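Reading the structure
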Amino acid sequence: MGERRGAPPWAAISSVVLITVLALAALHAWRRASTTPGPPSIPAMNPLGPVVQLWLSTEDRKLRLARQPDIETDEDAASSADVVIDTRNTYQSIVGFGAALTDSSAWLIQNKLSEQQRSALLDEVFGPPPGLDLNMARLTIGASDFSLQPYTLDDVPFGDVDPQLQHFNVAANLRDVIPIVREALAVNPQLHVIASPWSAPAWMKTSENLIGGTLLEQYESAYAQYLAKYVDTYRSYGIPIFALTLQNEPGFVPVTYPGTELSADQRARIIAQYLGPALASRKPRTLILGWDHNWDEPGQPLSVLADPDAARYVDGIAWHCYRGGPGAQTQVHRAFPKKDAYVTECSGGDWAYGDTGELLWFARDLLVAGLRNWARGIVYWNLALDEQHGPHFGGCATCKGLVTIDSHTGEVSRNDEYYAFAHFSRFVLPGAVRVQSTATSEGLDNVAFQNASDGSIVLVMVNSKADARRVSVLQDKTSFEYALPPRSVATFVWNPNQKESPWIRFVRRYFEKAGGARNGVK
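This text gives an overview of the structure that appears in the document. Along each chain, the written sequence defines residue order, and numbers are assigned to residues from 1. Under the rules for a predicted model, residues below a pLDDT of 70 receive no local features and side-chain atom pairs below 80 are neither given nor counted, while totals for whole chains, interfaces and linings still include all residues. Side-chain figures throughout are based on the complete set of non-hydrogen atoms in the structure, without hydrogens or water.

1. What about the layout of surface pockets?
We count it as follows: Cavities and pockets were defined on a 1 Å grid built from protein atoms only: a cavity is a group of points that admits a 1.4 Å probe but offers it no way out, a pocket is an open group of points flanked by protein on both sides within 12 Å along at least five of seven lines, and a lining residue is one with an atom within 4 Å of any such point. Grid points are joined across faces, edges and corners, and a volume is the space filled by probe spheres set on the points. Working definition: helices are DSSP H or I runs of at least four residues, strands are E runs of at least two. Numbering for both runs from the N terminus. Lys, Arg, Asp and Glu make up the charged group, whereas Ala, Val, Leu, Ile, Met, Phe, Trp, Tyr, Cys and Pro make up the nonpolar group; the residues left over, Gly among them, are polar.
Taken as a whole, the largest pocket encloses approximately 500 Å³ of empty space. Contributions of two or more residues to the lining of the largest pocket are made by strand S8 (287-294) and helix H10 (359-372). Residue composition of the lining of the largest pocket, by class: 14 nonpolar, six polar and seven charged.

What follows is the structure, encoded as structure tokens:
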């Protein structure tokens, strides 16, 4: 056998050079991704290894979903920490996050933005990173308070009736709502649309008016067919309806905009006898969500679910945030664990107590708390309103959209609620599962998830206190610490299944130190 010869010295040198070049190139791309400006600056989520990526927002708005330096992890983990994450204990899977494309929002986007501005906004809101990645939207069936005028989809002259729905039409939606939803679907074909009526046609109601009254029993079947016809018609325009609610806020009778009171008994009867069977025969099936009102009356959805004939058709409960607390979701879940929970409406606004903004409230009380109480999806109210909180027909005069569109210039500004949602929608992917995490207290709140696609862990924490809070986190053998700034929201992302080589870590640290030195950071 001949003598084996080793590789020449230049080969080893070339390998080192090649590895160095590749590592530097990768780190250069990583540095660019983490510093690229944009509205907002949201670099792609691609953890290198056991390091923890961090995005941060502060109540004073100095930081808004700003990428921060990576956090080193310690694999010689301690046995305890402030927040212990256990991925073996799982809860609900996540459908997604979104906002309502009300008549007002759709009209603004269609009529007050140029084609370029409209495309840019829809790409940002519904598109993948660096977009907001919303994948849920709520539509109103007929007019709400955020419409330019009252209407339904089967309006006839006063005194006439139309039980066969011969005058049903969606003409009022053809110029704004339908085109905008179709554009949103082109950006995100996985968009989940939830639809809710504010009022039945006036001829079906005791008040003979869109405002006030309740549904006449003789028209319960026609009303169910009215809703089913909406589902069919929108599907014919290429807009599948993921879920439907029977009535928006059925326990509230507004006096300035369309609304209808529907008792629990009547809702159960309509679902059991008419709407449930009508939708069950359609493929793919549109889900039925019950209640669609506030957290403060869990007895209402519980009453409908107690009727087995209705419950067989009810897939989950829709909740609003304006009264009560999200613990109501857990109360209903414990009684009916197979029924899902969704938050379908919650609006921010220029309230008297909102001088410091609403970042913390929405991140903590709606998103963290809602998700810790079994919500599979959370939908904000108006996606977009103008600088005058409109246009609207009655109702809320101080509500805000996720974004504000200047009706004169088309300029888009992003509100606190936008960034609160971004801390979740950008990182908690559809199909992610909420996992157990220690419930912190004293001004610290958190919720954790594991993404199904790559096994990455997402932890969102809120510090409501006026001082920084140092927090330790432990997940399996991975642990780290971080000092949360005062009154801030943080999203941490890491992948316990990936490992970072010592060489890459060395080069990354070098670049971090060099970047810090350039920016005057020691």
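Alright, that's what it looks like, and here's the rest.
2. What about the sheet that holds strand S13 (residues 384-386)?
Convention followed: When DSSP finds at least two bridges between two strands, those strands are taken to pair. To define axes, lines are fitted to C-alpha atoms, for helices over the stretch in contact only, and angles between the resulting N-to-C directions are given on a 0 to 180 degree scale.
The sheet built from three strands is open, its strands ordered S13-S15-S16 with mixed pairing. Two strands in the sheet have a free side with no partner beyond their single neighbour: S13 and strand S16 (412-414). Averaged over all neighbouring strand pairs, the angle between strand axes comes to 30 degrees, with direction disregarded. Summarising the sheet, S13 and strand S15 (residues 403-405) pair through three bridges and their orientation is parallel. From the neighbouring strand, Ala 384 faces S15, where its bridge partner is Val 403.

3. Section: the environment of Gln 300
Worth spelling out the cut-off: In what follows, residue pairs with any heavy atoms lying within 4.5 Å of each other are defined as contacts. Contacts described as polar in this section are N or O atom pairs within 3.5 Å, which, within protein, must combine one atom able to donate a hydrogen with one able to accept it, while residues neighboring in sequence count only if both atoms come from side chains.
As for its placement among the helices and strands, Gln 300 is situated in helix H7 (residues 299-305). Once the C-alpha coordinates of Gln 300 and Gly 251 are considered, the two residues, 49 residues apart in sequence, prove to be 9.0 Å apart. What Gln 300 contacts, discounting residues up to four positions off in sequence, is Ala 264, Arg 267 and Trp 291. Only 2.9 Å separates the side chain of Gln 300 from the side chain of Arg 267, close enough to count as a polar contact.

4. A short note on the pairing of strand S4 (residues 96-100)
Applied cut-off: Relative accessible area decides the class of each residue, using a 1.4 Å probe on protein chains only: under 20% of the type maximum gives buried, over 50% gives exposed, and in between gives partly exposed.
In terms of residue burial, S4 counts as a mostly covered element, since five of its five residues are buried. In the sheet, S4 pairs with strand S12 (residues 375-382) via five bridges, with the strands oriented parallel. For Ala 99, the partnering residue across the bridge sits in S12 and is Tyr 380. When S4 meets strand S5 (residues 136-141), the two strands line up parallel, connected through three bridges. Residue pairing in the sheet places Ala 100 in a bridge with Arg 138 of S5.

5. Here we look at the pattern of salt bridges
Where we set the bar: Should a side-chain nitrogen of Lys or Arg be within 4 Å of a carboxyl oxygen of Asp or Glu, the pair is scored as a salt bridge.
Taken as a whole and assessed by the stated rule, the structure comprises 18 salt bridges. The salt bridge partner of Arg 67 is Asp 70, with a shortest N-O separation of 3.1 Å. For the pair formed by Arg 67 and Asp 70, the shared burial category is buried. Via salt bridges that share partners, Arg 61, Arg 64 and Asp 416 belong to a single interconnected network.

6. Regarding the nonpolar core
Heads up, the condition is: Only buried residues count toward a nonpolar core, which is a set of Ala, Val, Leu, Ile, Met, Phe, Trp, Tyr and Cys residues joined through side-chain atoms within 4.5 Å.
Within the largest apolar cluster, 112 residues are counted, with the highest numbers of intra-cluster contacts made by Phe 97, Met 204, Tyr 230 and Leu 366. Of the residues forming this core, the biggest block, nine residues, is contributed by helix H5 (residues 220-236). Those residues in contact with Met 204 that sit more than four places away from it in its chain are Leu 165, Thr 214, Leu 215, Leu 216, Tyr 219, Ala 222, Tyr 223 and Tyr 226.

7. Section: unusual backbone geometry
In this structure, Pro 284 follows Lys 283 across a cis peptide bond, with omega equal to -10 degrees. Position of Pro 284 among the secondary structure elements: in the loop between helix H6 (264-280) and S8. The omega torsion of the bond from Gly 390 to Pro 391 falls at 0 degrees, within 30 degrees of zero and hence cis. At Leu 65, a residue that is not glycine, the phi angle is positive and equals roughly 50 degrees. Its place among the elements puts Leu 65 in the loop between strand S1 (52-58) and strand S2 (66-71). Residue Leu 65 is classed as buried on the basis of its relative accessible area of 0%. A positive phi angle, near 55 degrees, is found at Glu 208, a position not held by glycine. Within the secondary structure, Glu 208 sits in the loop between strand S6 (192-197) and H5. By relative accessible area, which is 46% here, Glu 208 ends up partly exposed.

8. Brief notes about the sheet that holds strand S3 (residues 83-93)
Across the sheet, nine strands lie side by side as S2-S1-S22-S19-S18-S17-S3-S20-S21; this open sheet has mixed pairing. Looking at strand neighbours, the two that pair on one side only are S2 and strand S21 (478-484), the edges of this open sheet. Across the sheet, the axes of successive neighbouring strands diverge by a mean angle of 30 degrees, strand direction being ignored. Pairing analysis gives seven bridges linking strand S20 (residues 469-475) to S21, with the strands arranged antiparallel. The partner of Ser 472 across the bridge, within S21, is Glu 481.

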